[in-house]
Amino acid sequence: MGEEYASSSDLQIDLDEFGLTHAKALLDLSFDTDADILTAEQAVLALLAWGYASHKNPKPAAGEAQSLPPRTVSKLRLAADILTQRLDDPPTITELSTLVGMNECDLKRCFKCRYGDSIASFSRYKRLAAAQNLLLHSDLTIAEIALEAGFANPSQFARAFRRQFDLNPAQYRTARGRA
């Protein structure tokens with residue numbers, strides 16, 4: 001998914017799951033029987049249909065998603081700053097919307113448009129990145145780091161950390177040179 005292939009004219013196409021499935025099916029075929037040729041024709045037609053639909057209705061790139069008014073952008077920056085500053089006590093969506101002066105629905109929609117992630121995911125990522133830094137550069141216990149990063153308990157922190165970095169916090173600290 002998201003792989004780019006170049007044609008003879010150096011045109012690059014991002015294949016989504018559907019396009020990639022049909023391209024792989026086409027490449028994996030052997031043409032030993034007439035049934036294989038029919039299967040190949042089916043895969044080619046499906047790939048052409050996907051290409052036509054993608055060309056006719058292109059999805060905007062991440063940076064082109066939607067142009068937001070400058071005032072909204074500054075409110076979204078403020079929201080991101082608040083989330084980054086309040087790692088140990090992240091605000092609720094309701095509190096954040098009040099602090100930046102946007103209604104909750106617009107805040108969630110515009111935040112996702114601007115940053116490509118939900119408010120909760122953005123906040124969790126920032127908290128885990130701060131915890132990652134503390135694991136490497138502090139002598140705090142994992143329980144203390146969990147609290148510093150705004151997690152209710154160490155097991156909740158360990159679960160989120162493992163999901164993000166594929167290691168639990170103790171393994172991460174050991175693997176990166178701190179015991």
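For the structure itself, consult the block above.
Residues numbered from 1 in each chain as written. Predicted model: local features only at pLDDT ≥ 70, side-chain atom pairs only at ≥ 80, totals over all residues. Heavy atoms only, no water.

Quick word on the overall build of the protein chain
Helix and strand counts for the protein chain stand at nine helices and two strands. Start at the N end of the protein chain and walk to the C end: the helices and strands fall as β-β-α-α-α-α-α-α-α-α-α. Sequence separation of 24 or more characterises 49% of the internal contacts of the protein chain that already satisfy a separation of 6 or more. Summing over all exposed atoms, the protein chain offers an accessible surface of approximately 11,800 Å²; the carbon and sulfur share of this is 54%. (Helix = DSSP H or I, 4+ residues; strand = E, 2+ residues; numbered from the N terminus. Contact = heavy atoms within 4.5 Å. Areas by Shrake-Rupley, 256 points an atom, 1.4 Å probe, with all protein chains shown as cover.)

Notes on the packing of aromatic side chains
Taken as a whole and assessed by the stated rule, the structure comprises eight aromatic pairs. An angle of 55° between the planes, with centres 5.4 Å apart, marks the rings of phenylalanine 151 and phenylalanine 157 as tilted. Each member of the pair, phenylalanine 151 as well as phenylalanine 157, carries the same accessibility label: buried. Taken together, the aromatic side chains of Phe151, Phe157, Phe161, Phe165 and Tyr172 make up a single cluster linked through ring pairs. Across the ring face of tyrosine 115, the terminal group of arginine 114 is positioned such that the distance to the ring centre comes to 5.9 Å. Over the face of the ring belonging to phenylalanine 151 we find arginine 127, whose NZ or CZ atom lies 4.3 Å from the ring centre. (Phe/Tyr/Trp six-rings, centres within 6.5 Å; stacked < 30°, edge-to-face > 60°. Buried < 20%, exposed > 50% of the residue type's maximum accessible area, 1.4 Å probe, protein only. Lys NZ or Arg CZ within 6 Å of the ring centre and 35° of its normal.)

Considerations on a positive patch on the surface
Together, Arg124, Arg159, Arg162 and Arg163 give the surface a local cluster of positive charge. Tallying contributions element by element places helix 8 (residues 154-165) first for the positive patch, with three residues. Summarising the element assignment, arginine 159 is placed in helix 8. For arginine 159, a relative accessible area of 43% translates into the label partly exposed. (Patch = residues over 30% accessible without salt bridge, like charges linked within 9 Å, V, L, I, M, F, W, Y side chains within 5 Å. Salt bridge = Lys/Arg side-chain N within 4 Å of Asp/Glu carboxyl O. Lys, Arg positive; Asp, Glu negative; His and termini not counted. Charge placed at Lys NZ, Arg CZ, Asp CG, Glu CD.)

Considerations on the nonpolar core
Core analysis: the biggest nonpolar cluster contains 16 residues, and Leu76, Leu96, Val100, Leu107 and Phe111 have the highest contact counts within it. Elements with a contribution of two residues or more to this core: helix 3 (70-85), helix 4 (93-100), helix 5 (104-115) and helix 6 (119-137). Excluding anything up to four places from it in sequence, leucine 76 contacts Leu68, Met102, Leu107, Cys110, Phe111, Arg114 and Tyr115. Core analysis: the next-biggest nonpolar cluster, separate from the first, contains eleven residues, Phe151, Phe157, Ala160 and Phe161 among them. (Core = buried A, V, L, I, M, F, W, Y, C linked by side-chain atoms within 4.5 Å.)

Regarding helix 4
For helix 4, the complete set of buried residues consists of Leu96, Ser97 and Val100. Down the axis of helix 4, the smallest arc covering the buried residues is 100°, so these residues share one side. In this fold, the buried residues of helix 4 make contact with helix 3, helix 5 and helix 6. At the exit of helix 4 stands glycine 101, carrying a positive phi of roughly 80°. (Arc of directions from axis to C-beta.)

Re the packing of helix 4 against helix 5
Direction vectors running N to C along helix 4 and helix 5 enclose 90°, while the axes themselves pass 9 Å from each other. Comparing their axes, helix 5 and helix 4 come out roughly perpendicular. Along the contact surface, helix 4 presents Ile93, Thr94, Leu96, Ser97 and Val100, while helix 5 presents Glu104, Leu107 and Lys108. In terms of residue class, the contact of helix 4 with helix 5 is built from four nonpolar, two polar and two charged. (Axes fitted to C-alpha atoms, helices over the stretch in contact; angles between N-to-C directions. Parallel < 35°, antiparallel > 145°, perpendicular 65-115°, else oblique. Nonpolar A, V, L, I, M, F, W, Y, C, P; charged D, E, K, R; others polar.)

A few points about helix 6
For an α-helix the count is 3.6 residues per turn, leaving residues at separations of three or four pointing the same way. Between its first and last C-alpha atoms helix 6 spans 27 Å; for 19 residues at 1.5 Å apiece the expected length is 27 Å, and the two agree. Taken together, the buried positions of helix 6 are Ile119, Phe122, Ser123, Arg127, Leu128, Ala131 and Leu135. (Expected span 1.5 Å × (residues − 1).)

Points about the side chain of serine 138
Considering the arrangement of structural elements, one finds serine 138 in the loop between helix 6 and helix 7 (142-148). Polar side-chain contacts of serine 138 include one of 2.6 Å to the backbone oxygen of leucine 134. There is a polar contact of 3.3 Å between the side chain of serine 138 and the backbone nitrogen of leucine 140. (Polar contact = N/O pair within 3.5 Å; in protein donor to acceptor, adjacent residues only side chain to side chain.)

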